[in-house]
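Per-entry structural report
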Amino acid sequence: EQAANKHTRTEWDRDKEKMAQKEEEAEGAMEALKKEIDHVHNRLAMSESALVPMQEKEKHTRQWMVKYRQDAQATHHRQQESMEEEGRVRDQLIKANAKIANEEHQMQHIFLHVNKIERLLSHIDVATLRLHQHVVTSTERDEHKLLLDS
């Protein structure tokens, strides 16, 4: 019985040693796991701290995009207004050119009439000169005839 107890006690001591060894292994594994968890927490904290500037950058990028779109819309609106104004100016130029062409046409008619009037005045001047010469000549002849008669 003593031998059996000794055998059982020896098994129990071996089991106890195995348990102690297993506990040490478990504690080592737990320690390694804690280190791994701490490492993961540190990486997570670093990622989160790196995420904040990224989020700020994204926020600024979005704000820039909104402003860019607004500027693009404003530019497009100004271009449309400019094109409309250009159309109005073009229409005014077309009307002004048509008016100028009409006035030039009227001026040509006026010049033609002025030329005709100048030619008529020239004819009248020639006719007046001839008439004057005829009157002078007639008067001289009449005077001459009167002198001869007296």
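Okay, so let's go over this structure. Everything quoted here is computed from the prediction, not taken from an experiment.

Things to note about the overall build of the protein chain
For the protein chain, the helix and strand inventory stands at one helix and zero strands. For 150 residues, the compact-globule formula gives about 15 Å, and the C-alpha radius of gyration of the protein chain, at 62 Å, lies well above that figure. The buried share among the 150 residues of the protein chain stands at 1%. Carbon and sulfur atoms provide 58% of the accessible area of the protein chain, an area that totals close to 14,600 Å².

Re a nonpolar patch on the surface
A contiguous nonpolar patch, built from Met107, Ile110, Phe111 and Val114 and spanning about 350 Å² of accessible area, is present on the exposed surface. Tracing the backbone through its elements, the reader meets methionine 107 in helix 1 (residues 2-149).

Quick notes on a negative patch on the surface
A cluster of like negative charges, contributed by Glu23, Glu24, Glu25, Glu27, Glu31 and Asp38, occupies part of the molecular surface. Structurally, the position occupied by glutamate 27 is in helix 1. Using a relative accessible area of 54% as the deciding quantity, one classes glutamate 27 as exposed.

Describing the packing of aromatic side chains
Within this structure, the stated rule accounts for one aromatic pair. Both rings, one in tryptophan 64 and one in tyrosine 68, keep their centres 5.3 Å apart while their planes meet at 20°; by these two values the pair is stacked. With a gap of four residues between them, tryptophan 64 and tyrosine 68 both fall in helix 1, about one helical turn apart. For the pair tryptophan 64 and tyrosine 68, one class covers both residues: exposed.

Side note on the pattern of salt bridges
With the rule as written, the count across this model stands at four salt bridges. For glutamate 85, the salt bridge goes to arginine 88, with nearest N and O atoms at 2.8 Å. Of this pair, glutamate 85 and arginine 88 both sit in helix 1, three residues apart, which is roughly one turn of the helix. By relative accessible area, which is 45% here, arginine 88 ends up partly exposed. Where arginine 90 meets glutamate 86, a salt bridge forms, and the shortest distance between an N and an O atom there is 3.4 Å. One end of the pair, arginine 90, and the other, glutamate 86, are both in helix 1, four residues apart, so they sit about a helical turn from each other. Judged by relative accessible area, which is 44%, arginine 90 ranks as partly exposed.

Thresholds, definitions, all that
- Residues numbered from 1 in each chain as written.
- Predicted model: local features only at pLDDT ≥ 70, side-chain atom pairs only at ≥ 80, totals over all residues.
- Heavy atoms only, no water.
- Helix = DSSP H or I, 4+ residues; strand = E, 2+ residues; numbered from the N terminus.
- Rg over C-alpha atoms; globule rule 2.2 N^0.38 Å.
- Buried < 20%, exposed > 50% of the residue type's maximum accessible area, 1.4 Å probe, protein only.
- Areas by Shrake-Rupley, 256 points an atom, 1.4 Å probe, with all protein chains shown as cover.
- Patch = residues over 30% accessible without salt bridge, like charges linked within 9 Å, V, L, I, M, F, W, Y side chains within 5 Å.
- Salt bridge = Lys/Arg side-chain N within 4 Å of Asp/Glu carboxyl O.
- Lys, Arg positive; Asp, Glu negative; His and termini not counted.
- Charge placed at Lys NZ, Arg CZ, Asp CG, Glu CD.
- Phe/Tyr/Trp six-rings, centres within 6.5 Å; stacked < 30°, edge-to-face > 60°.

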